[in-house]
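Each chain, letter by letter, is given below.
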Amino acid sequence: MENRQSFSRQAFHLPGVRAASGPSPRAALAGMQPYAPGRSISDIRAEFGLERVVKLASNENPLGPSPLALQAVRDALPDMHRYPDDRAVPLRSRLAEKLSLQACQFIVANGADELITLICEAYLEPGDRIATFAPTFSEYGFGARLMNAEIVAVPLADSFALRADDLLAAVDARTKLVFVCSPNNPTGTYLPKAELEYLLSRLPNGCLLVLDAAYSHFADAQDYADGFELLRAGARLVVLQTFSKAYGLAGIRAGFAAGPADVVAHLLAVKEPFNVNALAQVAARAALDDEAHLKATLRTNAVGRDRLREGLDRLGVRSVKSQSNFMLAHFGARASFVYEQLLRRGVIVRDAAGWGLPEWLRVSVGTAEEIDLLLACLTDVLRSAD
Ligand SMILES: Cc1ncc(COP(=O)(O)O)c(C=O)c1O
């Protein structure tokens, strides 16, 4: 789901399909484009006849899922004929314990993507506005468009920095939601704690801050804040988290939001009853307690991030210092050539053109072996581009 990009959505027009009778779709659909997934491993294998394909395109966990989550899924399989728990009670209780908040301050959803949609459904009337940075994760725009709301996109500052004042300047009486992705996808840059607090203190009453902290586990800067401390202090913001990244559960779909109890109640009011399947609930619950897997994941990422950056440096490729599990690398006019050539060699990265960054590629941090393979392929490709 990470690959959703507004640029890659094509209009909802099916060639050869003529409108029959029936209602017209909502006007909002005219501005929406369907999800165009990135290239999959099986796709690239088949297209180029390759045995080995390495995917560094969707910021997934290179170590795989938490083993405790796998076991929990196996244990839960015999009960698959039962509906899941509509309120994900054990998972929310454990989250409350771990994060020192109340269970009523959590909502679990079918990935953080669903949470973004739920927030938009709960708060946006047609003509309302959301404010967010650009480039950033595309789903905030998707949720706003779905509700016929307007998107005010504020350019990141130099070096892709997130500046609270720039965002505040874009907020007006019609702005209901402000989405901040920190660490930001696709740049890996973040909103420092002091800036986050400043932003929160200046937002008007009718405006809710949504801090998308999907990549928070990977951030190790002293001045990074994931928003939970603010929530514990009673601040009014919503923090989004996912089990798709650090916990390695992207395929089973689970994420959660934490916020003030009244905001969570609004989100519960628009969610479908059985939005999170039973296997996802037990997997997420088990992964939360798999300290060893999380530790190994964070270590692999920290070491891999340095390895990748140093390797790119050696090749003369500029990269953006990242607080996440991916990195933007600058290839200039050769970016799309490099992207294609890497595919042919069995390495899938992400073309950043869709974020308005045609000279950049976004590379997920893999294992040491995957990074070395990428760097070896890049050496070869850059030589051939000279
Ligand atoms: C910033 C950000 N938020 C949310 C998500 C969605 O996560 P999930 O897989 O939980 O839907 C992604 C996925 O890539 C992301 O990059």
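Residue positions are given per chain, counted from 1 along the sequence in the order it is written. Owing to the predicted nature of the model, reporting of local features is limited to residues with pLDDT of at least 70; listing and counting of side-chain atom pairs is limited to 80 or more, with chain, interface and lining totals taken over all residues. Calculated side-chain values reflect all of the structure's heavy atoms, with hydrogen atoms and water omitted.

**As for the packing of helix α12 (residues 335-344) against helix α13 (residues 368-385)**
Consideration 1: Remark: α12 packs on α13, axes separated minimally by 10 Å, with the N-to-C direction vectors making an angle of 125 degrees. Between α12 and α13, the interaxial angle falls into the category oblique. Handedness of the crossing formed by α12 with α13: right-handed. Residue-level inspection shows F337, V338, Q341 and L342 of α12 in contact with α13, the latter providing L374, C377, L378, V381, L382, S384 and A385.
Consideration 2: Looking at the contact of α12 with α13 residue by residue, the class counts come to nine nonpolar, two polar and no charged. Each axis is a line fitted through C-alpha atoms, and for a helix only the stretch in contact is used; angles between axes span 0 to 180 degrees, taken between their N-to-C directions. Where helices and strands are cited, they refer to DSSP runs of H or I of at least four residues and of E of at least two residues respectively, numbered from the N terminus. Roughly parallel covers angles under 35 degrees, roughly antiparallel covers those over 145, roughly perpendicular covers 65 to 115, and oblique covers all other angles. By definition, turning the near helix anticlockwise from the far helix through less than a right angle yields a left-handed crossing, and turning it clockwise yields a right-handed one. In this analysis, two residues are considered to be in contact whenever any of their non-hydrogen atoms come within 4.5 Å of each other. Gly counts as polar in this scheme, as do all residues outside two lists: the nonpolar Ala, Val, Leu, Ile, Met, Phe, Trp, Tyr, Cys and Pro, and the charged Asp, Glu, Lys and Arg.

**Things to note about the packing of aromatic side chains**
Describing an aromatic ring pair means giving the distance of the ring centres and the angle of the ring planes.
Consideration 1: By convention, a stacked pair of Phe, Tyr or Trp rings (six-membered ring in the case of Trp) has centres within 6.5 Å and planes under 30 degrees apart, an edge-to-face pair has planes over 60 apart, and any other such pair is tilted. Enumeration according to the criterion identifies nine aromatic pairs in this entry.
Consideration 2: Ring centres of F160 and W360 lie 5.4 Å apart, and the angle between their planes is 75 degrees; on these two criteria the pair is classed as edge-to-face. One end of the pair, F160, is in the loop between β4 (150-155) and α6 (164-168); the other, W360, is in strand β13 (residues 360-364), with 200 residues separating them in the sequence. No difference in accessibility class separates F160 from W360, as the two residues are buried.
Consideration 3: Measuring from centroid to centroid gives 6.0 Å for Y190 and Y224, while their planes differ by 65 degrees, and the two rings are edge-to-face. Of the two residues, Y190 is situated in the loop between β5 (175-181) and α7 (193-202) and Y224 in the loop between β6 (208-212) and α8 (228-232); the sequence distance between them amounts to 34 residues. Relative accessibility thresholds used throughout: buried, under 20% of the residue-type maximum; exposed, over 50%; partly exposed, between the two (1.4 Å probe, protein chains only).

**Some points on the sheet that holds β6**
Consideration 1: Taken together, the seven strands give an open sheet; going across it, the order is β2-β8-β7-β6-β5-β3-β4, and neighbouring strands pair in mixed fashion. Each of the sheet's edge strands pairs with one partner strand only, and the pair in question is β2 (106-109) and β4. Within the sheet, the average angular offset between the axes of one strand and its neighbour, ignoring direction, is 20 degrees.
Consideration 2: Relative to β2, helix α3 (residues 89-99) is tilted by about 130 degrees, and along the sheet it contacts β2 and β8 (255-258). By definition, two strands form a pair when at least two bridges between them are found by DSSP.

**Considerations on the sheet that holds strand β12 (residues 350-351)**
Consideration 1: Read from one edge to the other, the open sheet built from four strands follows the order β9-β10-β13-β12, with strand pairing classed as antiparallel. Each having just a single partner strand, β9 (318-319) and β12 make up the two edges of the open sheet.
Consideration 2: Judged from the five bridges that link them, strand β10 (residues 326-330) and β13 form a sheet pairing that is antiparallel. Directly across from M327, in β13, lies its bridge partner V363.
Consideration 3: Helix-sheet contacts for helix α11 (residues 291-314) involve β9, β10 and β13, and the interaxial angle to β10 is about 5 degrees.

**A closer look at the domain arrangement of the chain**
Size of an interface: often given as the accessible area lost when the parts come together.
Consideration 1: Domain start and stop points were drawn from an automatic or database domain assignment. Under the domain assignment used here, the chain contains domain 1 (6-12 + 24-64 + 292-385) and domain 2 (67-289).
Consideration 2: Taking the mean C-alpha position of each, domain 1 and domain 2 sit 24 Å from one another.
Consideration 3: Residue-level contacts link 28 residues of domain 1 with 29 residues of domain 2.
Consideration 4: Once two parts are put together, the accessible area they lose, assessed with a 1.4 Å probe and summed over both, is termed the buried area. Buried area between domain 1 and domain 2, both sides added, is near 2,500 Å², and the carbon and sulfur share of it is 60%.
Consideration 5: Two N or O atoms form a polar contact when they lie within 3.5 Å of each other; inside protein one atom must be a possible hydrogen donor and the other a possible acceptor, and for residues adjacent in sequence the pair counts only when both atoms belong to side chains. Our count for the domain 1 to domain 2 interface comes out at 12 residue pairs in polar contact (both at pLDDT 80 or more).
Consideration 6: Sorting the residues of the side of domain 1 that touches domain 2 by element identifies α11, β10 and β13 as the ones contributing at least two each.
Consideration 7: The leading source of residues in the side of domain 1 that touches domain 2 is α11, at six residues.

**Some thoughts on the environment of R236**
Consideration 1: Here R236 lies in the loop between α8 and β7 (237-242).
Consideration 2: Residue R236 is classed as partly exposed on the basis of its relative accessible area of 46%.
Consideration 3: As for R236 and G259, which are separated by 23 residues in sequence, their C-alpha atoms are 7.0 Å apart.
Consideration 4: Non-local contacts of R236, meaning those with residues more than four positions away in its chain, are made with L200, L208, P260, D262 and V263.
Consideration 5: Only 2.8 Å separates the side chain of R236 from the side chain of D262, close enough to count as a polar contact.

**Some points on the UniProt feature "domain: Aminotransferase class I/classII large" (unreviewed entry) in the chain**
Consideration 1: Those residues carrying the UniProt feature "domain: Aminotransferase class I/classII large" (unreviewed entry) are residues 52-375 in this numbering.
Consideration 2: Helix and strand shares over residues 52-375 are 38% and 17% respectively, and the end C-alpha atoms of the span are 16 Å apart. UniProt positions are given in the numbering used here, feature names are shortened, and annotations may be inferred rather than shown by experiment.

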